[in-house]
Amino acid sequence: MKPIFMTYTKKDLINLAVCMVLSVLIIPTFIKTEYWYTSILIPWLCLALATIGQQIVMGYTGQLALGAAGFMAAGAFAMFNLILRVPDLGFVGSLIVSGLIAAAFGILFGLPSLKVRGIYLMVATLASQFFIIWMIDKFGWFKNYDSSGIITAQDIVILGKPFTTPLAMYFVCLAVTTILTLLAMNMARGSTGRNWMAVRDMDIAAESMGVSLLRTKVQAFAISAFYCGVAGALFAFCYLKSLEPVAFDIKLSFKILFMCILGGLGTINGAFIGAAFILLFPVLLNAIGNNVFHGAIDATIISSIEQVIFGLLMIVFMIYEPLGMAKLWENLKQSMKSKLSSSGVKGVKSPVLKK
């Protein structure tokens, strides 16, 4: 059996080490306020994980799917009921099973991808969003027959130790996101990812080469839904600390879609870049409105400006740079490397051979 890290290069391991030092040592040392954990870092990790799921089905397999928030809702409410009704599973076991339940929905709603494609497939997968939310609202068992509509999430307990502080929940999200990101990178670079990209580029040619369209497409939808289900459970238990179907509406699905496109289709790091941009850009706009214009601009106008800018960026990136901000970041790094290398050799004269 080949090791799971077979597709990682030395550069990947260096980047992983830098990211882990930054996220485990530097961030907890310098960030002490709970706001950054509860409002920025935890939702960023959760939404980045859901965006990775969207990348698998849309960026790598080329299937236009919309309904990631529905799978997140399935994972979140499955997590709540598993902890409530099967407490022996524990938090980690419930998290895995909730992801598998979301994956089952992904298989169910991924089957239309065998017959339809493009905008028709997007409409078909959009049905998952409305069906899952309707099912949770219709049957009170999923909400433990709570009449208020908002359920308080249980405390996170792992091996008898509670994780209730913002910093502790940040570490839980960080650990899960890191593990699933490494697995996604390995799948994308292995034979599984090659099958996904073959179906994305030309499914007829891929099928003639022996790639099973049924297995590849359904597998992509299942893995994508699994990632979204786990992200939804973390989103509810670590960020919202409550469960309500309204929190997983169609707006969240579109937000994840925007993260996927702006970050860069078919890139894992694009999921993190896109999620960071979508989360931090409204904060930047509000800071400009309050500090520069001293609150003269209404919050609704700022929200409208935000949506307009997101739409313009979507159009610009789809036309001029389909690989999104991830590609811009790579170009910036290459440009800096070339400048550093050119400045390093500048002024060095070539040796002259004496006769």
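In this report, we go over the structure that sits alongside the text.

Reading guide: rules and limits
- Residues numbered from 1 in each chain as written.
- Predicted model: local features only at pLDDT ≥ 70, side-chain atom pairs only at ≥ 80, totals over all residues.
- Heavy atoms only, no water.
- Phe/Tyr/Trp six-rings, centres within 6.5 Å; stacked < 30°, edge-to-face > 60°.
- Helix = DSSP H or I, 4+ residues; strand = E, 2+ residues; numbered from the N terminus.
- Buried < 20%, exposed > 50% of the residue type's maximum accessible area, 1.4 Å probe, protein only.
- Expected span 1.5 Å × (residues − 1).
- Contact = heavy atoms within 4.5 Å.
- 1 Å grid on protein atoms, 1.4 Å probe; cavity = no way out; pocket = protein on both sides within 12 Å on 5 of 7 lines; lining within 4 Å.
- Points joined across faces, edges and corners; volume = space filled by probe spheres on them.
- Nonpolar A, V, L, I, M, F, W, Y, C, P; charged D, E, K, R; others polar.
- Core = buried A, V, L, I, M, F, W, Y, C linked by side-chain atoms within 4.5 Å.

1. A short note on the packing of aromatic side chains
Taken as a whole and assessed by the stated rule, the structure comprises 16 aromatic pairs. With a centroid separation of 5.9 Å and an interplanar angle of 55°, the aromatic rings of Phe109 and Phe131 are classed as tilted. Of this pair, Phe109 sits in helix H4 (residues 90-110) while Phe131 sits in helix H5 (residues 119-138); the two residues are 22 residues apart in sequence, bridging distant segments of the chain. Classification of Phe109 by relative accessible area gives buried; the value is 12%. Residue Phe131 is classed as partly exposed on the basis of its relative accessible area, which comes to 33%. Taking 6.5 Å as the distance between ring centres and 70° as the angle between the ring planes, the aromatic pair formed by Phe139 and Phe142 counts as edge-to-face.

2. Digging into H4
With 21 residues, H4 should cover 30 Å at 1.5 Å per step; its first-to-last C-alpha distance of 30 Å lies within 8% of that length. For H4, the full list of buried residues reads Phe91, Gly93, Ser94, Leu95, Ser98, Gly99, Ala102, Ala103, Phe105, Gly106, Phe109 and Gly110. For H4, the secondary structure elements touched by its buried residues are helix H3 (68-85), H5, strand E2 (156-158), helix H6 (166-189) and helix H9 (213-240).

3. Digging into empty space enclosed by the protein
Leftover empty space is mapped by rolling, across the atoms, a probe with the size of a water molecule. On inspection of all chains with the given rule, the structure shows one cavity of 30 Å³ or more. Estimates place the volume of the largest cavity at around 80 Å³. Among the elements of the structure, helix H2 (34-60), H3 and H9 are those that each provide at least two residues to the lining of the largest cavity. For the lining of the largest cavity, the leading source of residues is H9, giving four residues. Considering only residue class, the lining of the largest cavity consists of eight nonpolar, four polar and no charged.

4. Thoughts on H9
Helix length check: H9 (28 residues) gives 38 Å between terminal C-alpha atoms against 40 Å at 1.5 Å per residue, within 8%. Counting buried residues in H9 gives 23 out of 28 residues, a clear majority hidden from the surface. Positive backbone phi, approximately 60°, marks Lys241, located one or two places after H9.

5. Quick word on the layout of surface pockets
As a volume, the largest pocket reaches approximately 1,500 Å³. Asn15, Cys19, Ile268, Asn269 and Phe272 are the residues nearest the centre of the largest pocket, which is lined by 44 residues in total. Of all the secondary structure elements, the ones that give two or more residues to the lining of the largest pocket are helix H1 (10-30), H2, H6, helix H11 (268-291) and helix H13 (324-345). Here the element with the most residues in the lining of the largest pocket is H1; it accounts for eleven residues. When its residues are assigned to classes, the lining of the largest pocket shows 31 nonpolar, seven polar and six charged. Residue lining of the second largest pocket: 22 residues in total, with Leu47, Leu252, Lys255, Ile278 and Leu279 positioned closest to the centre. When contributions to the lining of the second largest pocket are tallied by element, the ones reaching two or more residues are H2, H9, helix H10 (250-263), H11 and helix H12 (299-320). Of the residues assigned to the lining of the second largest pocket, the class counts are 16 nonpolar, two polar and four charged.

6. Notes on the nonpolar core
Judged by nonpolar contacts, the single largest core of 94 residues is most densely connected at Met72, Tyr227, Leu234, Phe237, Leu243 and Phe248. Of all the elements, H9 adds the most residues to this core, at 16 residues. Those residues within four positions of Met72 in sequence are excluded, and the remaining contacts are Leu47, Ala50, Cys228, Gly229, Ala231, Gly232, Ala233, Phe235, Phe248, Leu252 and Ile256.

What is shown is where atoms sit, not what they do.
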